[in-house]
Amino acid sequence: MSSTARPPVDVLIRRLDPGMPMPAYALPGDAGADLCTAVDAELEPGERAVVPTGISIALPDGYAAFVHPRSGLAARCGVALVNAPGTVDAGYRGEIKVIVVNLDPRERVSFRRGDRIAQLVIQQVEKARFHEVAELPGSARAEGGFGSTGGHAAV
Ligand SMILES: O=c1ccn([C@H]2C[C@H](O)[C@@H](COP(=O)(O)OP(=O)(O)OP(=O)(O)O)O2)c(=O)[nH]1
Ligand SMILES: [Mg+2]
């Protein structure tokens, strides 16, 4: 059977901290490449932190990278990303950082340098041209939002 998969896009990685691993896909079909923390970190319940990964990247034009949470950390420890998904612009050359929060009401969470803390999803993104108009074209949904199709109270 021939593969319909597109060839992978080339992303340049600079290791600001040579001891840190490259971002890596854990399994061949994975969408997210794991990012590791470059520092030990401890979060009390409700505490958040900006965690360095020790890497910076250069994406081709027309791409962005999105910093997504890891589901295992969320399910086991209540670790979320405050800004999920974080957006890494194609032009950003600074260190990728992960804004983690411990949502567990009771347990402290500890990370050791090198632990996988988030995952990076690389995607093509559209660039829009914005056109101001007096009226927008009609649609079935019109201005209905926030539960307007039923199931819970409309706002
Ligand atoms: O989880 C994230 C999100 C963003 N960034 C970096 C890459 C991104 O290109 C830059 C700016 O992010 P964003 O545009 O989301 O933040 P902002 O508050 O709008 O800052 P700016 O005014 O610099 O655009 O910060 C990260 O390292 N991790
Ligand atoms: Mg911005």
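Residues numbered from 1 in each chain as written. Chains lettered and ligands numbered in written order. Predicted model: local features only at pLDDT ≥ 70, side-chain atom pairs only at ≥ 80, totals over all residues. Heavy atoms only, no water.

1. Quick look at the site of ligand 1
Taken together, Val67, Asn83, Gly86, Thr87, Val88, Asp89, Tyr92, Glu95, Ile96 and Lys97 make up the full set of residues adjacent to ligand 1. The side chain of Asn83 places a nitrogen or oxygen atom 3.1 Å from an oxygen atom of ligand 1. One nitrogen or oxygen atom from the side chain of Asp89 is found 2.6 Å from an oxygen atom belonging to ligand 1. The fraction of the free accessible surface of ligand 1 (570 Å²) that becomes covered by protein chains is 50%. Counting residues per element, the shell around ligand 1 draws most heavily on strand S9 (residues 86–88), which supplies three residues. (Near = heavy atom within 4 Å. Polar contact = N/O pair within 3.5 Å; in protein donor to acceptor, adjacent residues only side chain to side chain. Areas by Shrake-Rupley, 256 points an atom, 1.4 Å probe, with all protein chains shown as cover. Helix = DSSP H or I, 4+ residues; strand = E, 2+ residues; numbered from the N terminus.)

2. Overview of the side chain of Thr37
One can find Thr37 in the loop between strand S3 (32–36) and strand S4 (41–43). Classification of Thr37 as buried rests on a relative accessible area of 0%. At 2.6 Å, the side chain of Thr37 forms a polar contact with the backbone oxygen of Val39. Once you skip the residues sitting within four places of it in the chain, Thr37 turns out to touch Met20, Val51, Pro52, Phe111, Arg112, Arg113, Gly114, Asp115 and Ile117. (Buried < 20%, exposed > 50% of the residue type's maximum accessible area, 1.4 Å probe, protein only. Contact = heavy atoms within 4.5 Å.)

3. Digging into unusual backbone geometry
A cis amide bond links Ala84 with the next residue in sequence, Pro85, at an omega value of -10 degrees. Counting through the fold element by element, Pro85 comes out in the loop between strand S8 (79–81) and S9. The phi torsion at Ala142 lies on the positive side, around 50 degrees, for a residue other than glycine. Here Ala142 shows up in the segment after strand S12 (116–124). Its identity as a non-glycine residue notwithstanding, Phe146 has a phi of 40 degrees, on the positive side. Phe146 gets classed as exposed once you look at its relative accessible area, which sits at 67%.

4. Topic: the confidence of the model for the protein
On average, residues of the protein score 95 in pLDDT, and 95% of them are at 70 or above. Here the prediction assigns the complex a pTM of 0.94, and the interface score ipTM is 0.99. (pLDDT = per-residue confidence, 0-100.)

5. A look at the nonpolar core
Within the largest apolar cluster, 23 residues are counted, with the highest numbers of intra-cluster contacts made by Ile57, Val67, Ile96, Val98, Val100 and Phe111. Beyond its immediate chain neighbours, meaning those up to four positions away, Val100 contacts Leu43, Glu47, Arg48, Ala49, Val51, Val79, Ala80, Leu81, Val82 and Ile117. (Core = buried A, V, L, I, M, F, W, Y, C linked by side-chain atoms within 4.5 Å.)

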